[in-house]
Amino acid sequence: MGRPGSLDLAASPQGRRTSIKRHEQRVTSIRELFWMLLPVSGLLIALGLHYGLPNVYPLAYHPKTYGPVLIGLGAIYIALMAAACFWPALRRRLRHFSGIFFVLALTLAALDVATLKTGWLRLPFVPSPDKILSVYPDNAAQFVENFLASMKLLFTGVFLGTLAGVLSGILMGWSRIANYWISPVLKVIGPVPGVAWLPIAMVLMPSSRAAGLFLIGLALWFPLTLMISTAIRDTDVRLIESARVLGASELHILTHVAIPAAIPAMFTGMFMGLSASFGALIYAEMLGVKAGLGWYIEWSRAWGEYAKIFATIGIFIVLFFALIEILFRIRNHAMKWQKGVVRW
Amino acid sequence: MVTEKIGLEAAELLRIFEDADGNEVVALDGFSLSIQGSETVGLIGPSGCGKSTFLRLVAGLDQPQGGSLSVGGQPITGPDYHRGLVFQNAALFEWLTVWDNIAFGLKARKVYRQQKQRVQELIDLMGLTGFEKSYPHQISGGMASRTALARSFIQEPDIILLDEPLSSLDAFTRATIQDQIIDMQRRAQAIIILVTHDIEEAVYLCDRIIVMSARPGRVLGEVAVDLPHPRDRTEERFIALRRAVMHLLGNQA
């Protein structure tokens, strides 16, 4: 939408809005520069506190990672700012997030002061940012190994759960007989949080890995089946009748009308299921599967190494954020026909 | 174009629905209509007079409980692409472009590869050129109606059923599309059955106007429109015909 020279009429008001935005972009400068430099000042405050104050807790601790990371973040941000001079879209985004980046830098500084610099917050439960960040270089091999184990389990489970959910959703939505037999299973098993099945799955499944797959798959299967079958059954009857009058067979109507009409619901189900599957992954790894990031959290807890738990959670944040973001991109591409797709 | 003259025969049609409370609602009772050749027939009447029910019966989407309904001597048993139906709000496939919406029937019948060039013909005829790749949410209501008409006309049907296809459009757009329907009808030589609330539209488009009574739907009377196309909406004879239809409608109120 909004391509230059495109003929669609509905898109034109939006096109006008972006041109107004572009105009604003040109006239503002000093205020914008102030906002864009805000994160840099936040990082400078954090750096100043880190290198200016003595390290008192724990005694004889030599920080090594936090300072360079702050400097690295600053360098990346300045590079982005330089690129933004030639790239208005990036400039808008940087300007948008500058407040958040600023507060983030101050939060890091506050944590640094409260731990390493004063000892107000005590080890082992609240480690300093340097101790958390140092976990990555010190345990790189372990992280890579557990990360790959988690990814393998997650993606296999998501793949199987999606496959099962799409198939049973379409089957239930289209066939009354399938609906009769599958819907009791869906209604009885679905609402129970998948993790409740773990102890039983561990015993009944051939391996703890299989039990983990079952749990992750179940987390996706339920919302997908529910959303897809409902959407197919609720397909606008005029669309189905139009297709029928145009000479489409029942199978053609299913594949070319009912399933495309259910795609928005399919993505809603994917979002719900994916979030639930992250929980299932961590839970399965913590309690059964003896590998992966969830297991690493549990193992670190047993040894009282809370810095490793914080570090692992950091990886989860980046990972799950990226996965949801990828799903959003796929959805926006698949549903470009829909007006006003929700973004996040 | 060589077309056999296909006739539609409806005799003593009966269709009763059951509403939510289980009461019987008689939509059609003893409804008879005979259409020969490539006529444009208008059905006009108050809401709930069974006009749309009749269209659904002819389309094969619904079955009557009594009476007989046949096309070319063959009873109607189900939907068939030889009988096209255009709904009030276009009912386009939102995920398909204008081109793919129009091509839907050809693809469903697996004749798309042989008849691909006809999609462009219809797009040009309906004035949709340049909008082939637009999605339904990107085009105006008038263009959506034209896309729906093209999607139906591309099948070269013997009968086209129009269920208030222009009722949600503004007067100017409606007038343009009315002329396009007359043009398409001349090319296709099909029977057109038009359900409408708009008396002027009926007089402008139709060769014959059937005025129906409120529930249960029966034929109150018929007005033959013997004016040549293009018709002048302000001409005396045109206005007299409008008055005649209005008079028939008024009698039953």
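Reading guide: rules and limits
- Residues numbered from 1 in each chain as written.
- Chains lettered and ligands numbered in written order.
- Predicted model: local features only at pLDDT ≥ 70, side-chain atom pairs only at ≥ 80, totals over all residues.
- Heavy atoms only, no water.
- Buried < 20%, exposed > 50% of the residue type's maximum accessible area, 1.4 Å probe, protein only.
- Helix = DSSP H or I, 4+ residues; strand = E, 2+ residues; numbered from the N terminus.
- Pairing = 2+ DSSP bridges.
- Domains from an automatic or database assignment.
- Contact = heavy atoms within 4.5 Å.
- Buried area = accessible area lost by both parts, 1.4 Å probe.
- Salt bridge = Lys/Arg side-chain N within 4 Å of Asp/Glu carboxyl O.
- Polar contact = N/O pair within 3.5 Å; in protein donor to acceptor, adjacent residues only side chain to side chain.
- Nonpolar A, V, L, I, M, F, W, Y, C, P; charged D, E, K, R; others polar.
- Core = buried A, V, L, I, M, F, W, Y, C linked by side-chain atoms within 4.5 Å.
- pLDDT = per-residue confidence, 0-100.
- Patch = residues over 30% accessible without salt bridge, like charges linked within 9 Å, V, L, I, M, F, W, Y side chains within 5 Å.
- Areas by Shrake-Rupley, 256 points an atom, 1.4 Å probe, with all protein chains shown as cover.
- Lys, Arg positive; Asp, Glu negative; His and termini not counted.
- Charge placed at Lys NZ, Arg CZ, Asp CG, Glu CD.
- Axes fitted to C-alpha atoms, helices over the stretch in contact; angles between N-to-C directions.
- Parallel < 35°, antiparallel > 145°, perpendicular 65-115°, else oblique.
- Left-handed = near helix turned anticlockwise from the far one by under 90°.

Focus: the pairing of strand β3 (residues 40-44) of chain B
Residues and elements named next belong to chain B.
- The buried fraction of β3 amounts to five of the five residues, a majority that puts the element mostly inside the structure.
- The two faces of β3 match: Thr40, Gly42 and Ile44 on one face and Val41 and Leu43 on the other face are all buried.
- Where β3 meets strand β8 (residues 191-196), five bridges bridge the pair, whose relative direction is parallel. Across the sheet, leucine 43 pairs through a bridge with valine 195, a residue of β8.

A word on the domain arrangement of chain A
Residues and elements named next belong to chain A.
- Domain assignment breaks chain A into domain 1 (12-135) and domain 2 (140-334).
- Spacing between the C-alpha centres of domain 1 and domain 2 amounts to 35 Å.
- Contact with domain 1, which involves six residues of that partner, is made by seven residues of domain 2.
- The junction of domain 1 with domain 2 conceals about 600 Å² of combined surface from both sides, 81% of it contributed by carbon and sulfur atoms.
- For the domain 1 face of the interface with domain 2, the top three residues by lost area are Phe125, Ile132 and Val135, together amounting to 70%.
- In this assembly, domain 1 and domain 2 are joined by zero salt bridges.
- Viewed at the interface, domain 2 and domain 1 are joined by zero residue pairs in polar contact (both at pLDDT 80 or more).
- Among the residues making up the side of domain 1 that touches domain 2, the classes are represented as five nonpolar, no polar and one charged.

Topic: the nonpolar core
- In terms of nonpolar packing, the biggest core is built from 93 residues, with B:Leu8, B:Phe54 and B:Ile193 touching the most fellow members.
- Within the second largest apolar cluster, 53 residues are counted, among which are B:Leu149, B:Leu166, B:Val211 and B:Val225.

Re the confidence of the model for chain B
All names here are of chain B.
- Scored by pLDDT, chain B has a mean of 88; 97% of the residues are at 70 or more.
- Within chain B, no element has a lower average pLDDT than helix α7 (residues 236-251), which sits at 85, and none a higher one than helix α2 (residues 98-108), at 94.
- The complex prediction reports pTM at 0.81, with the ipTM value standing at 0.90.

Some thoughts on helix α11 (residues 250-261) of chain A
- Listed in full, the buried residues belonging to α11(A) are A:His252, A:Ile253, A:Leu254, A:Val257, A:Ala258, A:Ile259 and A:Pro260.
- Looking at the buried side of α11(A), the elements it contacts are α6 (140-174), α9 (208-233), α10 (237-245) and α12 (263-287) of chain A together with α2 of chain B.

Re a negative patch on the surface
Residue and element names in this part refer to chain B.
- A grouping of Glu18, Asp19, Asp21 and Glu24 is seen on the molecular surface, where their side chains present a negatively charged patch.
- Tracing the sequence through the fold places glutamate 24 in strand β2 (residues 24-35).
- By relative accessible area, which is 60% here, glutamate 24 ends up exposed.

Description of the interface of chain B and chain A
- Between chain B and chain A, the contact holds 31 residues from the first and 24 residues from the second.
- In total, chain B and chain A occlude about 2,500 Å² of area from one another, counting both sides; carbon and sulfur atoms represent 68% of this.
- Three residues, B:Trp95, B:His137 and B:Gln138, lead the burial of chain B against chain A; their summed loss comes to 30% of the area buried on that side.
- Where chain B touches chain A, the interface holds one salt bridge.
- The residue A:Glu241 makes a salt bridge to B:Arg56 at a minimum N-O spacing of 2.7 Å.
- For the pair chain B and chain A, the interface holds four residue pairs in polar contact (both at pLDDT 80 or more).
- Those elements that provide at least two residues to the side of chain B that touches chain A are α1 (51-59), β6 (83-86), α2 and α4 (141-153) of chain B.
- Residue contributions to the side of chain B that touches chain A peak at four residues, all from α2(B).
- Classifying every residue of the side of chain B that touches chain A by side-chain character gives 15 nonpolar, nine polar and seven charged.

Quick notes on the packing of α4(B) against helix α5 (residues 171-188) of chain B
Residues and elements named next belong to chain B.
- Contact pair α4 / α5: the axes reach a minimum separation of 11 Å and the direction vectors enclose 10°. Looking at the two axes, α4 sits roughly parallel to α5. Contact residues: Gly142, Ser145, Arg146, Leu149 and Phe153 in α4; Thr173, Ile177, Gln180, Ile181, Met184, Gln185 and Ala188 in α5.
- Across the contact of α4 with α5, the residue classes tally to six nonpolar, five polar and one charged.

Examining the packing of α11(A) against α2(B)
- Packing of α11(A) against α2(B) leaves a shortest axis separation of 12 Å and a crossing angle of 155°. It follows from the interaxial angle that α11(A) and α2(B) lie roughly antiparallel. Remark: the crossing between α11(A) and α2(B) carries right-handed chirality. From α11(A), A:His252, A:His256 and A:Val257 reach across to α2(B), where they touch B:Phe104, B:Lys107 and B:Ala108.
- Tallied by class, the residues present in the contact of α11(A) with α2(B) amount to three nonpolar, two polar and one charged.

A word on the sheet that holds strand β5 (residues 74-75) of chain B
Residue and element names in this part refer to chain B.
- Here four strands make up an open sheet; going across it, the order is β2-β1-β4-β5 and the pairing antiparallel. With one partner strand each, in any of the chains shown, β2 and β5 form the two edges of the open sheet.
- Direction of pairing for strand β4 (residues 66-71) relative to β5: antiparallel, over a ladder of two bridges. Residue pairing for β5: serine 70 is matched across the bridge by proline 75.
- Its contacts with the sheet place α1 against β1 (8-18), β2 and β4, and it is angled at close to 115° to β1.

Some points on the pairing of β4(B)
All names here are of chain B.
- Both β1 and β4 contribute to a ladder of five bridges, which runs antiparallel. Bridge pairing in β4 links leucine 14 to glycine 66.
- Taking the residues between adjacent antiparallel strands as the criterion, β4 and β5 are bridged by two residues, where glycine 72 takes a positive phi near 55°.

Here's the deal with unusual backbone geometry
- A cis geometry characterises the amide bond from A:Tyr57 onward to A:Pro58, with omega recorded as -10°.
- Cis geometry marks the peptide bond from B:His229 to B:Pro230, where omega comes out at -10°.
- By the secondary structure assignment, B:Pro230 is in the loop between β10 (219-224) and α7.
- Of note in this structure, A:Ala60 is not a glycine but carries a positive phi near 60°.
- Mapped onto the elements, A:Ala60 comes out in the loop between α2 (30-52) and α3 (66-84).
- With a phi angle near 70°, B:Ala90 is a residue other than glycine that sits in the positive phi range.
- Tracing the backbone shows B:Ala90 in the loop between β6 and α2.
- What makes B:Ala90 buried here is its relative accessible area of 5%.

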